[in-house]
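Each chain is listed here by its residues.
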Amino acid sequence: MNKSLYWKKNKLISTFAKLQKKYKYKVEKVSGMNANACVIKYDNEYLILINNTTPNSIIPLVVLHEIGHIKFRTLNEKPQKYSYFKETSANLYAVSKLLYIFKFKQKIKILYLTITSEKELYKYFKKNNTVKGDFLYEQFTKNE
Ligand SMILES: [Zn+2]
C-alpha cells in the first residue's frame, strides 16, 4: 500500500471512530434497499443501513451523509419525500470531511456538484475516489 493511501485509510478510521463515539451509530449491510443507505433512530442510538449493492468507492461518502442527517437532525420520517435542503446539507457535511482526507484536486468542482446534483457528485466519487471503503465494515462492526 502506498504511503498516501495508508494515510487516507488511517484518517478515515480515526474520523469514523470519533464520530461513532459522538453519534452512537451502528452500521449494517443489507440487501434489497431502494437507496445507497439510510439511517434509523431507535432509543438513543442510530442504525445506518448500507445497501449491499452500494459501490465501495462511495461507502465513506454515504456513511458520512447519513451521519450528517444525525448531526443536523434531518432524519426523514417519510423517506419518499425528497428535501433538497436536507439532502444537500448532509452531502455538504460529508464532502467537507472527505475533501480534507482524500485531497481531491478539484475542490471547487466537487462543491459545485454537491449543491447542484447529488447524482453527479456520487458519479464523481465513483470515478475518482481510490480509497475503497469496504475495509470500514470491519471497524463498524467491531464496536458492537
Ligand atoms: Zn439523505
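Since this is a predicted model, take the numbers as computed values, not measurements.

So, how was this worked out
Residues numbered from 1 in each chain as written. Predicted model: local features only at pLDDT ≥ 70, side-chain atom pairs only at ≥ 80, totals over all residues. Helix = DSSP H or I, 4+ residues; strand = E, 2+ residues; numbered from the N terminus. Rg over C-alpha atoms; globule rule 2.2 N^0.38 Å. Buried ≥ 20, exposed ≤ 12 C-beta atoms within 10 Å, placed from the backbone. Contact = placed C-beta atoms within 7 Å. Axes fitted to C-alpha atoms, helices over the stretch in contact; angles between N-to-C directions. Parallel < 35°, antiparallel > 145°, perpendicular 65-115°, else oblique. Left-handed = near helix turned anticlockwise from the far one by under 90°. Nonpolar A, V, L, I, M, F, W, Y, C, P; charged D, E, K, R; others polar. Core = buried A, V, L, I, M, F, W, Y, C linked by C-beta atoms within 7 Å. Expected span 1.5 Å × (residues − 1). Arc of directions from axis to C-beta. Pairing = 2+ DSSP bridges.

1. Points about the overall build of the chain
In terms of helices and strands, the chain carries 6 helices and 3 strands. Its helices and strands taken in sequence order, the chain reads α-β-β-β-α-α-α-α-α from the N to the C terminus. Taken over C-alpha atoms, the radius of gyration comes to 14 Å for the chain, in line with the 15 Å a tight globule of 144 residues would show. Relative to its full complement of 144 residues, the chain shows a buried share of 27%. Partitioning the intrachain contacts of the chain with sequence separation of at least 6 by distance along the chain shows that 54% fall at a separation of at least 24.

2. Describing the packing of helix H3 (residues 84-102) against helix H4 (residues 107-116)
Where H3 contacts H4, the axes come no closer than 9 Å and their chain directions differ by 160°. Compared by their axis directions, H3 and H4 come out roughly antiparallel. Once H3 is placed against H4, the crossing between them reads as right-handed. Across the interface between the two elements, Thr88, Asn91, Leu92, Val95 and Leu99 of H3 pack against Lys107, Ile110, Leu111, Thr114 and Ile115 of H4. Here the residues of the contact of H3 with H4 sort into 6 nonpolar, 3 polar and 1 charged.

3. Looking at the packing of helix H1 (residues 3-23) against H3
Their axes nearest at 9 Å, the elements H1 and H3 cross at an angle of 150°. Each of Lys8, Lys11, Leu12 and Thr15 in H1 lies in contact with H3, whose residues at this interface are Lys97, Ile101 and Phe102. A class-by-class count of the residues in the contact of H1 with H3 yields 3 nonpolar, 1 polar and 3 charged.

4. Some thoughts on the nonpolar core
Core analysis: the biggest nonpolar cluster contains 28 residues, and Ile48, Ile50, Leu61, Val62 and Val63 have the highest contact counts within it. Secondary-structure elements contributing two or more residues to this core are H1, strand S1 (25-30), strand S2 (37-42), strand S3 (45-51), helix H2 (59-72), H3, helix H5 (118-128) and helix H6 (136-142). Setting aside anything within four residues of it in sequence, one finds isoleucine 48 in contact with Tyr25, Val27, Ala37, Val39, Val63 and Glu66.

5. Some details on H3
In a regular helix each residue adds 1.5 Å, so 19 residues correspond to 27 Å; H3 covers 25 Å between its end C-alpha atoms and thus fits that length. Taken as a whole, H3 has its buried residues at Ala90, Asn91, Ala94, Val95, Lys97, Leu98 and Phe102. Taken around the axis of H3, the buried residues stretch over an arc of 170°, which confines them to a single face. Pointing more than 90 degrees away from the buried face of H3 are the exposed residues Phe85 and Tyr100. Contact partners of the buried residues in H3: H1, H2, H4 and H5.

6. Examining H2
Compared with the 20 Å implied by 1.5 Å per residue over 14 residues, the 20 Å span of H2 between its first and last C-alpha is a close match. Along H2, 12 of the 14 residues are buried, which leaves the element largely enclosed by surrounding structure. What H2 keeps buried is the set Ile59, Pro60, Leu61, Val62, Val63, Leu64, His65, Glu66, Ile67, Gly68, His69 and Ile70. Just downstream of H2, arginine 73 is the residue with a positive phi angle, here 55°.

7. A closer look at the sheet that holds S1
Pairing in this open sheet of 3 strands is mixed, and the strands run S1-S3-S2 from one edge to the other. The sheet terminates laterally at S1 and S2, the two strands that pair on one side only. Within this sheet the neighbouring strands show an average axis-to-axis angle of 25°, counted without direction. In this structure, S1 lies alongside S3, joined through 6 bridges in parallel fashion. Note on S3: the bridge partner recorded for valine 27 is isoleucine 48. Together, S1, S2 and S3 form the strand contacts of H2, whose direction differs from that of S2 by roughly 35°.

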